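Architecture at a glance
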Amino acid sequence: NAGVTQTPKFQVLKTGQSMTLQCAQDMNHNSMYWYRQDPGMGLRLIYYSASEGTTDKGEVPNGYNVSRLNKREFSLRLESAAPSQTSVYFCASTPGDYQETQYFGPGTRLLVL
Amino acid sequence: AQSVTQLDSQVPVFEEAPVELRCNYSSSVSVYLFWYVQYPNQGLQLLLKYLSGSTLVKGINGFEAEFNKSQTSFHLRKPSVHISDTAEYFCAVSDRGHDKIIFGKGTRLHILP
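Conventions and cut-offs
- Residues numbered from 1 in each chain as written.
- Chains lettered and ligands numbered in written order.
- Predicted model: local features only at pLDDT ≥ 70, side-chain atom pairs only at ≥ 80, totals over all residues.
- Heavy atoms only, no water.
- 1 Å grid on protein atoms, 1.4 Å probe; cavity = no way out; pocket = protein on both sides within 12 Å on 5 of 7 lines; lining within 4 Å.
- Points joined across faces, edges and corners; volume = space filled by probe spheres on them.
- Helix = DSSP H or I, 4+ residues; strand = E, 2+ residues; numbered from the N terminus.
- Nonpolar A, V, L, I, M, F, W, Y, C, P; charged D, E, K, R; others polar.
- Core = buried A, V, L, I, M, F, W, Y, C linked by side-chain atoms within 4.5 Å.
- Buried < 20%, exposed > 50% of the residue type's maximum accessible area, 1.4 Å probe, protein only.
- Contact = heavy atoms within 4.5 Å.
- Buried area = accessible area lost by both parts, 1.4 Å probe.
- Salt bridge = Lys/Arg side-chain N within 4 Å of Asp/Glu carboxyl O.
- pLDDT = per-residue confidence, 0-100.
- Polar contact = N/O pair within 3.5 Å; in protein donor to acceptor, adjacent residues only side chain to side chain.

The volume enclosed by the largest pocket comes to roughly 490 Å³. As for the largest pocket, its lining consists of 28 residues, of which A:Q37, B:Q38, B:E88, B:F90 and B:R108 are closest to the centre. Going through the elements one at a time, β4 (31-38) and β9 (87-94) of chain A together with β10 (87-95) and β12 (107-112) of chain B are the ones with two or more residues in the lining of the largest pocket. Looking at the lining of the largest pocket, its residues break down into eight nonpolar, 14 polar and six charged. By volume, the second largest pocket is sized at about 280 Å³. Surrounding the second largest pocket, 17 residues form its lining, A:L43, A:R44, A:E59, B:I102 and B:F103 being those nearest its centre. Counting residues per element, the lining of the second largest pocket draws most heavily on strand β1 (residues 3-6) of chain B, at four residues. Here the residues of the lining of the second largest pocket are counted per class, giving eight nonpolar, five polar and four charged.

Structural data, given as structure tokens:
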């Protein structure tokens, strides 16, 4: 099993450009999450999907959209990138219950100029 | 609302010395508690978790944590650290009945030779 995979690993954007971060898991997990990690801020939840077909806002959803394409895939889209979105983005998944372990991908490092 | 406070942003400790990383949480209901570790340039992985039962929880790599309900704390300990423990450690809390968890801002553990 590959676990949780994320593409791309690195990306540089100019302000105003758009892009989609891809995440896939092969563990048959129900819940998936997108976080951003900034120095001194820890991990902050952007969006999550408790099950296929549902998505909900987290702590910092502004400027992002998500799509739960199927049970395996959960994508994060930046419609018009801003320098404040420079960050490391992590995708995670859990079997379905909040007490379960979260499995993280390796991250996408995004720089917005 | 849930919150997690990691009292130290950085902790230097000599190799083979003991270490304690502190975590306090606030929540009005029963909680699940977690410690995750992030090695350089990697995603997070679970060290240990408290769901119920014994308040002393043992995890991977010789780490353990103790749940103290009266002090709302979940401090992480290791009796003798190794250079390979150099990483950032995150405490996290989830309210029972909710489907997401809140992470602390992290504590960087620096092992001194």
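Take the nonpolar core next. Counting residues in each nonpolar core, the largest one holds 28 residues, and the members touching the most others are B:W35, B:L48, B:L76 and B:Y89. Sequence-distant contacts of B:Y89, defined by excluding residues within four places in its chain, comprise B:Q6, B:L21, B:W35, B:Y36, B:V37, B:L47, B:F63, B:L76, B:G106, B:T107 and B:L109. Judged by nonpolar contacts, the second largest core, of 20 residues, contains A:L13, A:L21, A:V60 and A:A81.

Another aspect to go through is the interface of chain B and chain A. Counting residues at the interface gives 24 residues for chain B and 20 residues for chain A. Together chain B and chain A conceal approximately 1,800 Å² of surface at their shared face, both sides included; 56% is due to carbon and sulfur atoms. At the junction of chain B and chain A, the tally comes to zero salt bridges. Looking at the side of chain B that touches chain A, the elements with two or more residues in it are β5 (31-38), β6 (44-50) and β10 of chain B.

The next subject is the confidence of the model for chain B. Averaged over all residues, the pLDDT of chain B is 91; the fraction at 70 or higher stands at 96%. Mean pLDDT across the elements of chain B bottoms out in strand β11 (residues 102-103) of chain B (90) and peaks in strand β3 (residues 19-21) of chain B (98).

We now examine the environment of B:T107. Residues and elements named next belong to chain B. Relative to the helices and strands, T107 is located in strand β12. Separated by 98 residues in the primary sequence, T107 and S9 place their C-alpha atoms 4.5 Å from one another. Among residues more than four places away in sequence, those in contact with T107 are Q6, D8, S9, Q10, V11, L21, A87, E88 and Y89. Looking at T107, its side chain comes within polar contact range of the side chain of Q6, at 3.2 Å.

Our next topic: the pattern of salt bridges. Charged atoms that come close allow side chains of opposite charge to pair. A full pass over the atoms with the stated rule returns nine salt bridges over all chains. In this structure, B:R77 engages B:E66 in a salt bridge whose closest nitrogen and oxygen atoms are separated by 3.6 Å. With B:R77 in strand β9 (residues 73-78) and B:E66 in strand β8 (residues 64-68), this residue pair connects regions lying 11 residues apart in the sequence. Judged by relative accessible area, B:R77 falls into the partly exposed class, the value being 28%. Given a relative accessible area of 35%, B:E66 falls into the partly exposed group. Look at the salt bridges and you will find they share partners, linking A:R36, A:D38 and A:R44 into a network.

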